[in-house]
Amino acid sequence: MAGVLDSVNQRTQLVGQNRLELLLFRLKGKQLYGINVFKVKEVLQCPTLYEIPNRNPVVRGVAHIRGGTISIMDMNLSIGRSPLEDIKNCFVIITEYNRSTQGFLVGAVERIVNMNWESIHPPPKGAGKENYLTAVTEIENQLVEIIDVEKILAEVNPLSEMISEGVIEDGISERVVQKHVLIVDDSTIARKQIQRVVEQMGIKTTLKKDGREALDYLEGLIAQGKSAIEELILVISDIEMPEMDGYTFTAEVRANPALKDLHVVLHTSLSGVFNEAMVKKVGADNFLAKFNPDDLAKAVNSRVKFMTGEDLLDEDETDV
């Protein structure tokens, strides 16, 4: 138990410091890739894989691990390249994304490095819209590419973006005609998923790709003499983002007297025992695990009802 608590403490100390730990790995050749350690549950030599009928070509098979059956995806195939060979000598990175566990087959695993998010940058503009990168960095004069895993998962197993019937409050958009929702996420796929959910509610959106860009936008509103509180219903922000992560973004918002009352929801595929401590430490109003359209819609519903005082009316009716 002491070891687990030490691990929690070590990682929660990174909160608000704009830092992360990357697990470095290779696919084919010398190119280095990275994945946030928070999303890694285990790394192991590739176990025996069993084929399943009608599987997605990216899925090399399933493996029985720790009493469960997990799909193993070939990371190289996932990004449009040739399949990894000699898989018995490959490794599997077991991860937890979007409330599910999956494994990624990689050629080799290197080491863990501790970095500052300011050293993580968006992909170069020349990479094109269809690239599988969410960020890049440099370690010891070598380029490290951070793959957009959410894009891979959306292609292998698309998630529904439709809000269930009855979840959207009647007339919700009419109550906030002049306001919008700020969406902050470095993954193009994730931004569009959230945008489509919010727009199903008839509510306008503004999109930013990282915490730095979002903070600059909010400070720009202040410079124009506008009130961010009056402009926005709430902010829905990812945690893992280049330049400035969601924790640091939230801490910066809370430290600014003109922004401190903004309603901030951290929306992320990160999961585990660290979240509650992290959310409290930076002062976020809520935490939502990716990706559930109904949960997002309910969070927006709840915030609009609070802003318009309707939640107080509901309480009065209950008391009666």
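Residues numbered from 1 in each chain as written. Predicted model: local features only at pLDDT ≥ 70, side-chain atom pairs only at ≥ 80, totals over all residues. Heavy atoms only, no water.

Here's the deal with the sheet that holds strand S8 (residues 108-116)
And step 1. Taken in spatial order, the five strands of this open sheet run S8-S1-S2-S10-S9, and their pairing is mixed. Pairing within the sheet leaves two strands with one partner each, and these edge strands are S8 and strand S9 (133-139). Neighbour-to-neighbour, the strand axes of the sheet open up by a mean angle of 35°, direction not taken into account.
And step 2. Of the strand pairs in this sheet, strand S1 (residues 19-26) and strand S2 (residues 32-36) are connected by five bridges, and their pairing is antiparallel. What sits directly across from leucine 24, in S2, is glycine 34. (Pairing = 2+ DSSP bridges. Helix = DSSP H or I, 4+ residues; strand = E, 2+ residues; numbered from the N terminus. Axes fitted to C-alpha atoms, helices over the stretch in contact; angles between N-to-C directions.)

As for the side chain of aspartate 210
And step 1. Tracing the chain through its elements places aspartate 210 in the loop between strand S12 (204-208) and helix H5 (211-223).
And step 2. Buried charge without a salt bridge: aspartate 210, with lysine 209 as the nearest opposite-charge side chain at an N-O distance of 4.7 Å.
And step 3. A polar contact is formed between the side chain of aspartate 210 and the backbone nitrogen of arginine 212, at a distance of 3.0 Å.
And step 4. Sequence-distant contacts of aspartate 210, defined by excluding residues within four places in its chain, comprise Pro122, Val184, Met241, Pro242, Glu243 and Met244. (Buried < 20%, exposed > 50% of the residue type's maximum accessible area, 1.4 Å probe, protein only. Lys, Arg positive; Asp, Glu negative; His and termini not counted. Salt bridge = Lys/Arg side-chain N within 4 Å of Asp/Glu carboxyl O. Polar contact = N/O pair within 3.5 Å; in protein donor to acceptor, adjacent residues only side chain to side chain. Contact = heavy atoms within 4.5 Å.)

A few points about the confidence of the model for the protein
A low pLDDT means the predicted coordinates there should not be read in detail.
And step 1. On average, residues of the protein score 87 in pLDDT, and 87% of them are at 70 or above.
And step 2. In this model, residues 1-9 is a region of pLDDT below 50 whose contacts with residues beyond four sequence positions or in other chains number three contacts. (pLDDT = per-residue confidence, 0-100.)

Remarks on the sheet that holds strand S13 (residues 232-237)
And step 1. On the basis of which strands lie adjacent, the open sheet formed by five strands has the order S12-S11-S13-S14-S15 and parallel pairing. Across the chains shown, the open sheet's two edge strands, defined by having one partner strand only, are S12 and strand S15 (286-289). Across the sheet, the mean angle from the axis of one strand to that of its neighbour is 25°, orientation sign disregarded.
And step 2. Relative to S15, strand S14 (residues 264-268) runs parallel, the two being bridged by four bridges. Bridge pairing in S15 places histidine 267 opposite leucine 288.
And step 3. Along the sheet, helix H9 (residues 293-307) makes contact with S13, S14 and S15, crossing S13 at roughly 150°.

Section: unusual backbone geometry
The phi angle of most residues is negative, glycine excepted, and most peptide bonds adopt the trans form.
And step 1. Looking along the chain, the bond that leaves lysine 290 and enters phenylalanine 291 is cis, with omega of -15°.
And step 2. You can see phenylalanine 291 is positioned in the loop between S15 and H9.
And step 3. Non-glycine residue asparagine 54 carries a positive phi angle of around 60°.
And step 4. Secondary-structure assignment places asparagine 54 in the loop between strand S3 (40-45) and strand S4 (59-65).
And step 5. Here the phi dihedral of glutamate 243 falls at roughly 70°; this positive angle occurs in a residue that is not glycine.
And step 6. Of note, glutamate 243 is situated in the loop between S13 and helix H7 (246-255).

Points about the pairing of S12
Remember that side chains alternate between the two faces of the sheet whenever the strand is regular.
And step 1. Sheet topology places strand S11 (residues 180-184) next to S12; five bridges connect them, and they run parallel. In the strand pairing of S12, isoleucine 183 is matched with leucine 207.
And step 2. For the crossover from S11 across helix H4 (residues 188-200) to S12, the handedness is right-handed. (Right-handed = clockwise from strand over helix to strand, strands pointing away.)

Some details on the packing of H5 against H7
And step 1. Contact pair H5 / H7: the axes reach a minimum separation of 9 Å and the direction vectors enclose 20°. When the interaxial angle is binned, H5 and H7 end up roughly parallel. Considering how the two elements wind past one another, H5 and H7 form a crossing that is right-handed. Two secondary-structure elements touch here, H5 through Gly211, Ala214, Leu215 and Leu218 and H7 through Phe249, Glu252 and Val253.
And step 2. Taken together, the residues of the contact of H5 with H7 sort by class into five nonpolar, one polar and one charged. (Parallel < 35°, antiparallel > 145°, perpendicular 65-115°, else oblique. Left-handed = near helix turned anticlockwise from the far one by under 90°. Nonpolar A, V, L, I, M, F, W, Y, C, P; charged D, E, K, R; others polar.)

Topic: the environment of leucine 105
And step 1. Along the chain, leucine 105 turns up in strand S7 (residues 100-106).
And step 2. Expressed as a C-alpha distance, the spacing of leucine 105 and leucine 77, which sit 28 residues apart in the sequence, is 9.6 Å.
And step 3. Setting aside anything within four residues of it in sequence, one finds leucine 105 in contact with Leu27, Cys46, Arg60, Ile72, Met73, Asp74, Met75, Leu84, Ile87, Cys90, Phe91 and Val92.

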